[in-house]
2 protein chains.
Amino acid sequence: MKITAPLACAAGLTAALLAATSVAASLPPSPSAVELPQQGKDIAWSITEDLTTEIGPRMAGTEAESAARRWAVARLQALGFANVREEQFDMKVWVRGAEEASLTSPFLPQKLHIAALGNSASTGPKGIEGEIAYFASYDALLAAPDAEVKGKIVFINNQMERTQDGSGYGQYGRGRFMGANAASKKGAIAVVIRSIGTDNHRGPHTGGTNFEAGVKPIPAGALSNPDADQLARQWVRAQAMHTRENETGAIVYVPEPLRMKLVLTPRDLGTKHSGNVIAEVPGSDPAASPVIVACHLDSWDLGTGAIDDAAGCGIITAAAKHVMSAGQPRRTIRILWAGAEEVGVFGGKAYFEKHGTEKHAVALESDFGADRVWRVDFKLPASAKALEDRIAAALAPFGITRGKTPASGGADIGALVAAGVPAIDLQQDGTRYFDLHHTPDDTLDKIDPAQLRQNVVAWTATLAILANSADAELT
Amino acid sequence: MKITAPLACAAGLTAALLAATSVAASLPPSPSAVELPQQGKDIAWSITEDLTTEIGPRMAGTEAESAARRWAVARLQALGFANVREEQFDMKVWVRGAEEASLTSPFLPQKLHIAALGNSASTGPKGIEGEIAYFASYDALLAAPDAEVKGKIVFINNQMERTQDGSGYGQYGRGRFMGANAASKKGAIAVVIRSIGTDNHRGPHTGGTNFEAGVKPIPAGALSNPDADQLARQWVRAQAMHTRENETGAIVYVPEPLRMKLVLTPRDLGTKHSGNVIAEVPGSDPAASPVIVACHLDSWDLGTGAIDDAAGCGIITAAAKHVMSAGQPRRTIRILWAGAEEVGVFGGKAYFEKHGTEKHAVALESDFGADRVWRVDFKLPASAKALEDRIAAALAPFGITRGKTPASGGADIGALVAAGVPAIDLQQDGTRYFDLHHTPDDTLDKIDPAQLRQNVVAWTATLAILANSADAELT
């Protein structure tokens, strides 16, 4: 969908935004104007470009994530925010090692592209070799008798489908989240999954897997979709490799084993520092609870974390800056660039431990790429009906519809929302998000500047209204 | 462009093809019917799927290419062709080793995706580190004084543009073909190029580079486009890293060096066997010269060689089979699955050495992917005007226009065409070819079955006419 048309005319945008925010003009103090992102190198783009270029991959708990925090503090200070600070916490760190996979039988060896999943065990440098136990889905693995799995390398082949709202991730992602755990319990020596992704390129989709307490971690990796296709095609051929007559004279198939060699040598580095970076637009009313807006600073290590989640940090920060530039809002806007989201939401949990007892007016997060906002969802108190209407009216000119699903917040504000903090979701178009998510392809060139600007416009309009809302509207 | 509509109706296709070939019905013996490729697993698809699945990458001179020849002989015999044989030749073999690149300064180290170019020298296992000498293009490198290059790692950044006819390859490809040679002559320690490709994924485009006699081979690799973008962005920042006042009080930039660590350990394996695989549809007239149709069996090692060139072998072979099934043609159709094309057209040269003195009626090659044929070009004797008209008329219903460019043939028939053998080019749509060419992404899923079938239809129509043409038409 082309969305450049509504963004082409800055004058029209300004008028629309002012009209939208002026609904709240009776509430003190209202922004008299909102600085709008312009064509070219706006704040959101600059944050995204500079962070992904100068730091690049920012794996949680590593020196790169630490450098990213220093970079973030400097950038947020340079943008004029107040109370810019780092809040450290400790976490256990897992890092990738060597990664090789090949199909070794019944055909000549062929290399596959693989990436270890977070928390994968190591095969050791010499690797392991084993027969593939093929499962069409995670459910098929769960249903299989242990004897089909024991001593084998489990392969889970379910193919994620493309959706606008990303709803396939939870369903198809189970093979990644829990497949290794299930396979280990049945005696598998390793697990290999089809990437949880919708593209057909050779970069695998990494991501975390989890073992229950008492379950032995085993090596776990994801193949790219074309590599999973290749494995599946060889599996079909191996199944049909030999035929022979059985005792009744009928032709029966005698499958050849499909075998894989696997080398994955990730390491646990023990406990290391990570941290959140926080900055604020101080509100004029010290008694008013703050609006919290979140993204995450860390990224997986395969790409440079452009869509996940440098762009999210760019969007929320640019919006806060535009509201700040328009005049001091009533409520404080607190910006949270969370650390260590990808590997277990450690930053979000640390924020909640430190600040969970403070009152927050409302929480929002941007962590679903940089494509346009297409829907707004609310989870606000009943008193906020008029506020919801104002926000929905402000967003409508930018092609954003009002959803019927309650907002769920993002990972980093998840603990706050679970504790009752109201939330608003500016839902981004996820149609191509899982082409890139957790892959080497998550790089700056995938960001569409026009759609990034639409995000900033939507966030600016929403934040301007929220930060100037009355207490009676968010109780 | 959707091309399914004209392919949707097999009945219509049959009628159109018969109408086309019936123009030649006065020439003995004419095909009474042509077996048409159907939906589903047709011959071209099966060859492409089976070769890329059961053999996979087929680097020239390796055991995989040798296995591919055995596979090819068995498949061509199973399809019922005559005189199926392997014609061996010897060649020098180069194979890939370890491949690592990272930017090490002025920022924290960041890994880049790199692939060695064919004929690259080795850095040794410990690698080399050096300052980047940045050039926007191959021409800029040529124009540079040696002092700007000596002791450095040359980077050539020119970005190939997308075209339908692939015409950008020669122009933008010079940096790959000759950049390492030029850099070595100026004293560079290595050369790294932006991939000669039009995609934005992380798989680099490999391909051969060449050193003139007497020029010292140096390590040479290609970065993926997103990695080249990253290098270029860091280069800009490094250039602007420091400013100081000069003696006149003006602010001048003092660039930081941008540095790269490079590990490439390819090896020369010495002289090994490669070979061509040849099969024939014997013609009814022993005095008539044969039609030769070519593809190449080898592939680069990063992908499975689906578009380059398993599909080409599938297309020409399916077309020859369809003509054969329709009744014995007048001329022999000789099918050449050439070996070792990618690394120096050794198969085409070996064929010419062995068969170049035989008379060939006309030569055609399919080696530009599997997207639809959109244009037909001729390089035929003046006597062939009516023949050209018949072929153009037969192809027109399938959306194929008549070009004004003389046919140039393909690499494997290049020596024949240079020696005067007439040629016809069934030009394929190359719009997305250089997204995939020589990358890990050259895999089966990139083949569009509908467009593959259109190729087979176009080739079948053309071959049916050519194989039944009179001597007076091709003299």
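Calculation criteria
Residues numbered from 1 in each chain as written. Chains lettered and ligands numbered in written order. Predicted model: local features only at pLDDT ≥ 70, side-chain atom pairs only at ≥ 80, totals over all residues. Helix = DSSP H or I, 4+ residues; strand = E, 2+ residues; numbered from the N terminus. Rg over C-alpha atoms; globule rule 2.2 N^0.38 Å. Buried ≥ 20, exposed ≤ 12 C-beta atoms within 10 Å, placed from the backbone. Least-squares fit on C-alpha atoms with pLDDT ≥ 70 in both. Contact = placed C-beta atoms within 7 Å. Pairing = 2+ DSSP bridges. Axes fitted to C-alpha atoms, helices over the stretch in contact; angles between N-to-C directions. Core = buried A, V, L, I, M, F, W, Y, C linked by C-beta atoms within 7 Å. Domains from an automatic or database assignment. Nonpolar A, V, L, I, M, F, W, Y, C, P; charged D, E, K, R; others polar. Left-handed = near helix turned anticlockwise from the far one by under 90°. Expected span 1.5 Å × (residues − 1). pLDDT = per-residue confidence, 0-100.

**Quick word on the overall build of chain A**
Counting secondary structure elements, chain A contains 14 helices and 18 strands. The C-alpha atoms of chain A give 25 Å as radius of gyration, which agrees with the globular expectation for 475 residues (23 Å, within 12%). For chain A, the C-alpha atoms occupy an extent of roughly 90 × 45 × 40 Å along the three principal directions. Counting the 475 residues in chain A, one finds 55% classified as buried.

**Some remarks on the relation of the copies chain A and chain B**
The two copies are related by a screw operation: chain A maps onto chain B through 180° of rotation and 0.0 Å of translation along the axis, at an RMSD of 0.0 Å. Expressed as a symmetry operation, the mapping of one chain copy onto the other fits a two-fold axis. Both copies contact each other with a shared surface, as 100% of the interface residues of chain A are interface residues in chain B too.

**Here we look at the sheet that holds strand β2 (residues 99-105) of chain A**
In a beta sheet, neighbouring strands are held together by backbone hydrogen bonds and run either parallel or antiparallel to one another. All names here are of chain A. The 8 strands lie next to each other as β3-β2-β11-β5-β6-β7-β8-β4, forming an open sheet whose pairing is mixed. Looking at which strands have only one partner, the edges of the open sheet turn out to be β3 (110-112) and β4 (114-116). Here the average twist between neighbouring strands, direction ignored, is 30°. Bridging between strand β6 (residues 153-156) and strand β7 (residues 190-194) involves 4 bridges; their strand directions are parallel. Looking at the pairing, Ile 156 lines up with Ile 193 of β7. Sitting on the sheet, helix α7 (residues 174-185) is in contact with β6, β7 and β8 (220-223), with an inclination near 155° to β7.

**Here we look at the interface of chain A and chain B**
Each partner contributes residues to the interface: chain A has 26 residues there, and chain B has 26 residues. Counting residues per element, the ones that place at least two in the side of chain A that touches chain B are α3 (43-55), α4 (63-78) and α8 (225-239) of chain A. Among the elements that line the side of chain A that touches chain B, the one with the most residues is α8 of chain A, at 6 residues.

**Concerning the nonpolar core**
By size, the foremost hydrophobic cluster in this structure holds 140 residues, and its most contacted members are Ile 153, Val 154 and Leu 463 of chain B. Ranked by the residues each element gives to this core, the list is headed by helix α8 (residues 306-325) of chain B, at 12 residues. There are two domains that each give this core at least three residues, and those are domain 1 (5-94 + 269-473) and domain 2 (97-265) of chain B. For Ile 153 of chain B, the contacting residues outside a window of four places in its chain are Gly 130, Glu 131, Ile 132, Ala 133, Ala 188, Ile 189, Ala 190, Val 192, Met 260 and Leu 262 of chain B. Of all hydrophobic cores here, the second largest spans 139 residues; its members include Ile 47, Leu 112, Ala 306 and Val 343 of chain A.

**Section: the pairing of β7 of chain A**
Residues and elements named next belong to chain A. Burial analysis of β7 places 5 of its 5 residues in the buried class, the great majority of the element. Across the two faces of β7 the burial is the same, with Ala 190, Val 192 and Arg 194 and Val 191 and Ile 193 all buried. The pairing of β7 with β8 spans 4 bridges and is parallel. Within β8, the residue paired with Val 191 across the bridge is Ala 220.

**With respect to the environment of Gly 270 of chain B**
Residues and elements named next belong to chain B. With respect to the element layout, Gly 270 can be found in strand β12 (residues 267-281). Exposure remark for Gly 270: the 9 C-beta atoms within 10 Å place this residue in the exposed category. Setting aside chain neighbours within four positions, we find Gly 270 in contact with Lys 92 and Val 93.

**What about the environment of Asp 301 of chain A?**
Mapped onto the elements of the fold, Asp 301 of chain A is located in the loop between β13 (291-296) and α9 (306-325). In contact with Asp 301 of chain A, other than residues within four places in its own chain, are Pro 57, Met 59 and Arg 96 of chain A.

**Here's the deal with the sheet that holds strand β6 (residues 153-156) of chain B**
Residue and element names in this part refer to chain B. With mixed pairing, the 8 strands of this open sheet are ordered in space as β3-β2-β11-β5-β6-β7-β8-β4. One side of each edge strand has no neighbouring strand; the edge strands of this open sheet are β3 (110-112) and β4 (114-116). In this sheet, neighbouring strand axes are inclined to one another by 30° on average, regardless of whether the strands run parallel or antiparallel. Set on the sheet, helix α6 (residues 174-185) makes contact with β6, β7 (190-194) and β8 (220-223); between it and β7 the angle comes to about 155°.

**Remarks on the domain arrangement of chain A**
Residue and element names in this part refer to chain A. Partitioning chain A into structural domains gives domain 1 (4-93 + 270-473) and domain 2 (97-265). For domain 1 versus domain 2, the separation of C-alpha centres amounts to 37 Å. Contacts between domain 1 and domain 2 engage 18 residues on the former and 19 residues on the latter. Of the residues forming the side of domain 1 that touches domain 2, the biggest block, 3 residues, is contributed by helix α13 (residues 433-436). Class assignment for the residues of the side of domain 1 that touches domain 2 results in 8 nonpolar, 7 polar and 3 charged.

**Examining the packing of α3 of chain A against α4 of chain A**
Residues and elements named next belong to chain A. Taken N-terminus to C-terminus, the directions of α3 and α4 make an angle of 145°; their axes are 10 Å apart at the nearest point. You can see that α3 and α4 cross each other, and the crossing is right-handed. Counted together, Ile 47, Leu 51, Glu 54 and Ile 55 of α3 and Ala 64, Ala 67, Ala 68, Trp 71 and Arg 75 of α4 form the full contact between these two elements. Its residues assigned to classes, the contact of α3 with α4 comprises 7 nonpolar, no polar and 2 charged.

**As for α3 of chain A**
Each α-helix winds once per 3.6 residues, and so residues spaced three or four apart point in a common direction. Compared with an ideal rise of 1.5 Å per residue, which puts 13 residues at 18 Å, α3 of chain A spans 17 Å between its outermost C-alpha atoms and is within 8% of the ideal. Along α3 of chain A, the residues that are buried comprise Ile 43, Ala 44, Trp 45, Ile 47, Thr 48, Leu 51, Thr 52, Thr 53 and Ile 55 of chain A. Buried residues along α3 of chain A sit against α4, α9 and α14 (449-467) of chain A together with α7 (225-239) of chain B. Once α3 of chain A ends, the next one or two residues include Gly 56 of chain A, with phi positive near 75°.

**Comments concerning unusual backbone geometry**
Omega for the peptide link from Ser 105 of chain A to Pro 106 of chain A comes to 15°, which places this bond in the cis form. Structurally, Pro 106 of chain A can be placed in the loop between β2 and β3. Geometrically, the link from Asp 308 of chain B to Asp 309 of chain B is a cis peptide bond, its omega value of 15° lying close to zero. Within the secondary structure, Asp 309 of chain B is located in helix α8. Backbone geometry at Asn 83 of chain A places phi at a positive 50°, although glycine is not the residue there. Mapped onto the fold, Asn 83 of chain A is located in strand β1 (residues 82-95). Residues other than glycine seldom take positive phi values, yet Ala 340 of chain B does so here, at roughly 50°. Relative to the helices and strands, Ala 340 of chain B is located in the loop between β14 (333-338) and α9 (346-355).

**Side note on α6 of chain B**
Residues and elements named next belong to chain B. If you check α6, its first and last C-alpha atoms are 16 Å apart, about what 12 residues at 1.5 Å a residue would give, namely 16 Å. Buried within α6 we find Gly 175, Arg 176, Gly 179, Ala 180, Ala 182, Ala 183 and Ser 184. Looking at the buried side of α6, the elements it contacts are α4 (138-143), β6, β7 and β8. The positive-phi residue at the C-terminal boundary of α6 is Gly 187, with phi of around 95°.

**What to know about the confidence of the model for chain A**
Chain-level statistics for chain A give a pLDDT mean of 91 and a share of 91% at 70 or above. Confidence drops under a pLDDT of 50 for residues 1-40 of chain A, and excluding neighbours within four residues, the segment shows 76 contacts in the predicted structure.

**Some points on the environment of Gln 428 of chain A**
Residue and element names in this part refer to chain A. Within the secondary structure, Gln 428 is located in strand β18 (residues 423-428). Exposure remark for Gln 428: the 28 C-beta atoms within 10 Å place this residue in the buried category. Between the alpha carbons of Gln 428 and Asp 146 there is a distance of 42 Å; along the sequence they are 282 residues apart. Apart from residues lying up to four places away in sequence, Gln 428 is in contact with Phe 368, Gly 369, Asp 371, Arg 372, Val 373 and Asn 455.

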